[in-house]
Amino acid sequence: MIFKIQTQKNAMIRIFLILFLFVNISNAQGESSIWYFGQNAGIKFTDDTIEVLTDSQMNAFEGCATMADASGDLLFYTDGVTVWDKNHNVMLNGTDLLGNFSSTQSAIVVPNPENTDLYYIFTVAAQATIDGLRYSEVDMTLDNGNGGVTANKNIQLSNNIVSEKISAYRQSDNNGYWIVAHEWDSNNFISFSVTDLGVSSSPVISSVGSVHEGNSFTSIGYLKISPNGKRLALAKYESTNGVEIFDFDDSTGIVSNGMVLGGIFNPPTNLGAGTYGIEFSPDSKILYVSDLNFVFNQSKVHQFDITQDNQTDILNSDTIVYEGNKVVTALQLAIDGKIYASNFLVSSLDVIETPNVLGIDANYNIESIDLGDGVCLAGLPSFIQSFFSEEDTDQASIFVPQGISPNNDGLNDNLDLIDGNVSSLNIYNRYGTLVYSKDDYTNEWFGQSNNDSLLPVGTYYLSIIFNETQRHASWVYLNK
C-alpha cells in the first residue's frame, strides 16, 4: 500500500514538472532548450532533467547564441563570427559574420514571426569598434534543410558604433520582436523592429541614462530585458563601473526613467574588474548582477529587490548571494525557472535554484552542473527574454476546461472558450509540436489538427492570448 501511494505521488510530481516546464516552453516553444557556449560546452533541458552535450564545435570566449525549433531540436549556433548547423558543420556561407567571439553579447537570434524558415542573427562588435550592429539572414530551406546564411549578410543597422550589448523581446501585439542595443559616445538606446516583413531600417531612439564613453573596456557588460517586458538593465564595466535600470515599453520599444546603482561594486582600479553579468528573476521582481575581478580571481553576485520605489531602497536591498575566489561572469535564465552562471575556466555551471526568493534563500549553488569536457568561459548564450516570461497571477484570469470528449453527445464536445475573449490559441502535443492554431478562437476545436485529421487521445497543452495582450498556459485532456 505504501509502495502504491509513493508510486502515485511520484507520477503526480512528474506530471507537475512536465506541466511546469510546459508553461515555460509554451512561451519559448522549445527554442531556448539547447545551450552551446564556452569551450565546447553544451546542455539541453529535457523534461525535468539537464542533458550534458559534448558535440559542440564552438570555442566562444564571451558572447554566443543557440537556436532550436519549437520541439527543442537544434537548428544552429554561433559565436557571432561562425555559424554551425544542426550537424555541427559550418553552415553554408556561415563564416565571417562581423560579431566577435570576445564581444559580451556577440550574437542573438530572432525568428521571422511569420516564416518559420527565416531567422536573423544580430551581431555586435567587440570594444566599441567600427563593425557595430549588424544582422545576417538564415534560410533553413537551404543546403537540404541544414540551413544557410543568405546574401543578406552583415547588413549594417546603425551608422554609429555600439557597445557590446544587445537584447531582444517579443512585441506586445505578438506580431514581432524588438532588438535593443546602445550607441557608443551617446546615451541613445536604439530599438529595431522585426516583423514578417523583416528587419526595420529605422530605429526607435531613446536618449536616456548615462553616456557610454571612455576606455573601450567600458563597453563590456550585459544588457537584459525583464521576462515581463517592463524593465531593462545593463552592466557597465571597468572605469564607469555600475548598473543602470530603466523602464521598457514592449509596445513601442521606448526605454525611459533611468536609475543608476553604483558605489558598491568592485572599484575600477585596473583593467579586468567591474559589473558584467545581468539577469532578472522569472517574476521580474529581482535583479542579479555579477561583480568580478579577473586580476585577483574573485567575484560577487548581488541580488537587488527592484520592486522598491527608489534608488536608495534598491541599493539597501543588496544581498550578496555568492562571494568567493571564483570568477562568476555571465548569468542566464533558463526554461526551468533557474538562473545559471558561468564559472570562468571551470567545467561546471553554478545555479541559482530559486531566483524569485529574496535573500540567501535564493540558494546559489557552486559548480552544480558538471559539463564533462566542456569548459565555461565568460559567456552564456543570449536568448529572446520573453521566452522566460511567467504568467502574471495579478492579471485577469480565463477559465479553461481540463477535458473534452467529442462524441456528439452534446456534453464537452469541444473546447469552449467563448467567454474568454481569446485572440490566439495554439495547441501542442506532448512532444511540443504545434498541432492546432486559431486566431479569434471561440469553440472550434474538437480534437482535430490543423489539417483536420483527428488527433489521438491524450493530454494537449495550450498557449492562449486573451484580452488582446494577456497570456495563459494550460492543458486539456482529449478523450473519445
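Definitions and cut-offs
- Residues numbered from 1 in each chain as written.
- Predicted model: local features only at pLDDT ≥ 70, side-chain atom pairs only at ≥ 80, totals over all residues.
- Heavy atoms only, no water.
- Pairing = 2+ DSSP bridges.
- Helix = DSSP H or I, 4+ residues; strand = E, 2+ residues; numbered from the N terminus.
- Axes fitted to C-alpha atoms, helices over the stretch in contact; angles between N-to-C directions.
- Patch = residues over 30% accessible without salt bridge, like charges linked within 9 Å, V, L, I, M, F, W, Y side chains within 5 Å.
- Areas by Shrake-Rupley, 256 points an atom, 1.4 Å probe, with all protein chains shown as cover.
- Salt bridge = Lys/Arg side-chain N within 4 Å of Asp/Glu carboxyl O.
- Lys, Arg positive; Asp, Glu negative; His and termini not counted.
- Charge placed at Lys NZ, Arg CZ, Asp CG, Glu CD.
- Buried < 20%, exposed > 50% of the residue type's maximum accessible area, 1.4 Å probe, protein only.
- pLDDT = per-residue confidence, 0-100.
- Contact = heavy atoms within 4.5 Å.
- Disulfide = S-S within 2.5 Å.
- Phe/Tyr/Trp six-rings, centres within 6.5 Å; stacked < 30°, edge-to-face > 60°.
- Core = buried A, V, L, I, M, F, W, Y, C linked by side-chain atoms within 4.5 Å.

### Section: the sheet that holds strand S26 (residues 339–343)
Strand order across the open sheet formed by four strands is S25-S26-S27-S28, with antiparallel pairing between neighbours. Every interior strand has two partners, whereas the edge strands, strand S25 (328–333) and strand S28 (364–370), have only one. On average, each strand axis in the sheet is inclined to that of its neighbour by 35°, with strand direction left out of account. Where strand S27 (residues 348–352) meets S28, four bridges bridge the pair, whose relative direction is antiparallel. Bridge assignment links Ser348 to a residue of S28, and that residue is Asp370.

### Examining a negative patch on the surface
Among the surface-exposed residues, Glu114, Asp196, Asp439 and Asp440 lie close enough to one another that they form a single negatively charged patch. Examined against the element boundaries, Asp440 turns out to sit in the loop between strand S31 (434–439) and strand S32 (458–466). By relative accessible area, which is 57% here, Asp440 ends up exposed.

### Let's talk about the sheet that holds strand S20 (residues 255–261)
Within a sheet, adjacent strands bond to each other through the backbone by hydrogen bonds, running parallel or antiparallel. Spatial strand order, S17-S18-S19-S20: four strands in an open sheet with antiparallel pairing. Either end of the sheet is taken by a strand with one partner, and the two such strands are strand S17 (223–225) and S20. Going across the sheet, the axis of each strand differs from the next one's by a mean of 20°, ignoring polarity. Of the pairings in the sheet, the one linking strand S19 (residues 242–248) to S20 comprises five bridges and is antiparallel in character. In the sheet register, Val243 faces S20, and the bridge partner there is Leu261.

### What about the confidence of the model for the protein chain?
The predicted model of the protein chain has a mean per-residue pLDDT of 88, with 91% of residues at 70 or higher. In the model, residues 1–28 has pLDDT below 50 throughout and makes 29 contacts with residues more than four positions away in sequence or in other chains.

### Quick notes on the side chain of Asp85
Turning to its location among the elements, Asp85 is positioned in strand S6 (residues 83–85). Although Asp85 lies buried, it forms no salt bridge, and the closest oppositely charged side chain, Lys86, sits 8.1 Å away as judged by the N-O distance. Non-local contacts of Asp85, meaning those with residues more than four positions away in its chain, are made with Leu74, Leu75, Phe76, Tyr77, Met91 and Asn146.

### A word on the pairing of S26
Along a regular strand, successive side chains alternate from one face of the sheet to the other. Counting buried positions along S26 gives five out of five residues, so the element sits mostly inside the fold. Across the two faces of S26 the burial is the same, with Ile339, Ala341 and Asn343 and Tyr340 and Ser342 all buried. Across four bridges, the pairing between S25 and S26 is antiparallel. Bridge pairing in S26 places Val328 opposite Asn343. Between the end of S25 and the start of S26, which pair antiparallel, lie five residues, with Gly337 showing a positive phi angle near 80°. The sheet contact formed by S26 and S27 spans four bridges and is antiparallel. The residue bridging Ser342 from the neighbouring strand is Leu349, located in S27. Between S26 and S27, which pair antiparallel in sequence order, lie four residues; one of them, Leu345, sits at a positive phi of approximately 65°.

### Digging into the state of the cysteines
Throughout the structure, instances matching the rule amount to zero disulfides. With no disulfide partner, Cys64 has as its closest neighbouring cysteine sulfur the one in Cys376, 10 Å distant. Take Cys376: its relative accessible area is 0%, and that puts it in the buried class.

### Examining the packing of aromatic side chains
Both the distance between ring centres and the angle between the ring planes are used here to describe each pair of aromatic rings. If you walk through the whole model with that rule in mind, you get 20 aromatic pairs. Between Phe76 and Tyr119, the ring centres sit 5.8 Å apart and the planes meet at 80°, which makes this aromatic pair edge-to-face. Linking Phe76 in strand S5 (residues 74–78) with Tyr119 in strand S8 (residues 118–124), this pair joins segments that are 43 residues apart in sequence. Exposure remark for Phe76: the relative accessible area of 0% places this residue in the buried category.

### Regarding the nonpolar core
Of all hydrophobic cores here, the largest spans 85 residues; its most connected members are Phe37, Phe122 and Leu287. Here the element with the most residues in this core is strand S22 (residues 286–293); it accounts for five residues. When near neighbours in sequence (up to four residues on either side) are disregarded, Phe37 contacts Gly42, Ile43, Met58, Cys64, Leu349, Leu371, Cys376, Gly379, Leu380 and Pro381. Of all hydrophobic cores here, the second largest spans 19 residues; its members include Ile404, Ile427, Trp445 and Tyr460.

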